[in-house]
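Breakdown of the fold
The chain contents come next:
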Amino acid sequence: MTSLPMIPIAPTTSAAARRAALPPRHLADLDLPGRQAAVTELGEAGFRARQLSTHYFGRLVRDPARMTDLPAGVRDRLADALLPTLLTPVREVACDDGATRKAVWRLHDGSLVESVLMGYSDRVTVCISSQAGCGMACPFCATGQAGLTRNLSTAEIVDQAVHLAGVAASGVVTGAPARLSHVVFMGMGEPLANYSRVVAAVRRLCAPAPEGLGLSQRHITVSTVGLVPAMRRLADEGLSVTLALSLHAPDDELRDELVPVNQRWKVAEVLDAAWDYAERTGRRVSIEYAMIRDVNDQPWRADLLGRLLAGRLAHVNLIPLNPTPGSRWDASPKPVEREFVRRLRAAGVSTTVRDTRGRDIDGACGQLAAAAVTQ
């Protein structure tokens, strides 16, 4: 086994600093009654909130000039108050013959975040960020190596999906439907470290238009490295989203190194919280496992993982390690990967190998950093 350095979890910025950095209020921060109250405060009729929301969530329109059902004298005023610019496009790059598109956004304070749109024959999925950077310090992940800048607001999270839903609707994603159907919280950041805003974003994405984007909760995936109290709290929310646990090692000795938060919540505690979530929601937990050559890909670790998961409502998603700048680690060879899969399936554990979409544009799992863009 290649020994990895023990890396403490990077400290997060203070709550006051994060609040100061958050953007102006946006309609996606509010539920429909909250938007109606905001519009009324501006001296306009409450039903204007529904009209504005229909444009943003239902028609994917944010240009006031196109909101022709609103009086000309009202459009700009309402848009300025409830549709401030949250994400400024910096760069968009595509690969996989146009089926995968990565967007880099600049936030109001200069922070950079990334999101990835992926088209398949039967669906369109967007991978969105919940934080600028990440404080979890996993050494094989580009985002974790960059550290945490701040939490994103609810609207900054939602706006990524709405923007890219518009891209999908334009028909430019080759070989895929023109409607966004799936959202995965697997971009930059640890979603459950920004708990309240991520849960609010999930509710906004799933609320029917005009309150939200109208997606199915079952088409939303929220990932975590294993923040046990937040996992248990999520089980109480009454949501039916998929929980994805980034495990990456079945034993505490190695996981302490690969996923530093394991120094606080051990494998047994994390899996216990995952099984509680599965039991409470009836939803299968996705176990994410990056395959790292000579680090976590030994046959005995496959057997141990199989014993831990056998008989559980779980599915293993093996991820060939994606290269990141300066990394000393590489993906497991294909024969090793196949043997790992064979052993897990022999233990009765459902297992697949993730498609490494976006690797050519640093848009695959573990590659999002937004650090190489010229300011």
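The preceding data block contains the structure.
In short, a report on the structure.

Basis of the calculations
- Residues numbered from 1 in each chain as written.
- Predicted model: local features only at pLDDT ≥ 70, side-chain atom pairs only at ≥ 80, totals over all residues.
- Heavy atoms only, no water.
- Helix = DSSP H or I, 4+ residues; strand = E, 2+ residues; numbered from the N terminus.
- Contact = heavy atoms within 4.5 Å.
- Areas by Shrake-Rupley, 256 points an atom, 1.4 Å probe, with all protein chains shown as cover.
- Buried < 20%, exposed > 50% of the residue type's maximum accessible area, 1.4 Å probe, protein only.
- Arc of directions from axis to C-beta.
- Core = buried A, V, L, I, M, F, W, Y, C linked by side-chain atoms within 4.5 Å.
- Phe/Tyr/Trp six-rings, centres within 6.5 Å; stacked < 30°, edge-to-face > 60°.
- Lys NZ or Arg CZ within 6 Å of the ring centre and 35° of its normal.

1. Side note on the overall build of the protein chain
Looking only at helices and strands, the protein chain features 12 helices and 12 strands. A separation of at least 24 residues holds for 69% of the contacts in the protein chain among residues at least 6 apart in sequence. Accessible surface, the protein chain: about 14900 Å² in total, of which carbon and sulfur atoms supply 50%.

2. So, helix α8 (residues 228-235)
Buried within α8 are the following residues: Val-228, Ala-230, Met-231, Leu-234 and Ala-235. Buried residues of α8, seen end-on, are gathered within an arc of 165° and therefore sit on one face of the element. Looking at the buried side of α8, the elements it contacts are α7 (195-206), β8 (220-224), β9 (242-246) and α10 (267-281).

3. Considerations on the nonpolar core
Ranked by size, the top nonpolar core spans 106 residues in total, and within it Leu-180, Val-183, Phe-185, Val-202, Ile-220 and Ile-287 carry the most contacts. Among the elements that line this core, the one with the most residues is helix α6 (residues 154-169), at 9 residues. Sequence-distant contacts of Val-183, defined by excluding residues within four places in its chain, comprise Val-126, Ile-128, Ala-161, Leu-205, Leu-215, His-219, Ile-220 and Thr-221. If you look at the next biggest cluster of nonpolar residues, it comprises 5 residues, including Met-118, Tyr-120, Cys-127 and Val-184.

4. So, the packing of aromatic side chains
Under the counting rule described, the total for this entry stands at 2 aromatic pairs. Aromatic pair Tyr-56 and Phe-57: ring centres 4.8 Å apart, planes at 80°, arrangement edge-to-face. Residue classification places Phe-57 among the buried positions, given a relative accessible area of 3%. Plain terms: the ring middles of Tyr-289 and Phe-340 are 5.2 Å apart, the flat faces sit at 40° to each other, and that makes the pair tilted. Pair noted here: Tyr-289 is in strand β10 (residues 285-291) and Phe-340 is in helix α12 (residues 334-346), with a separation of 51 residues, a long-range link. Here the basic side chain of Arg-123 rests over the ring of Tyr-120, its NZ or CZ set 4.0 Å away from the ring centre.

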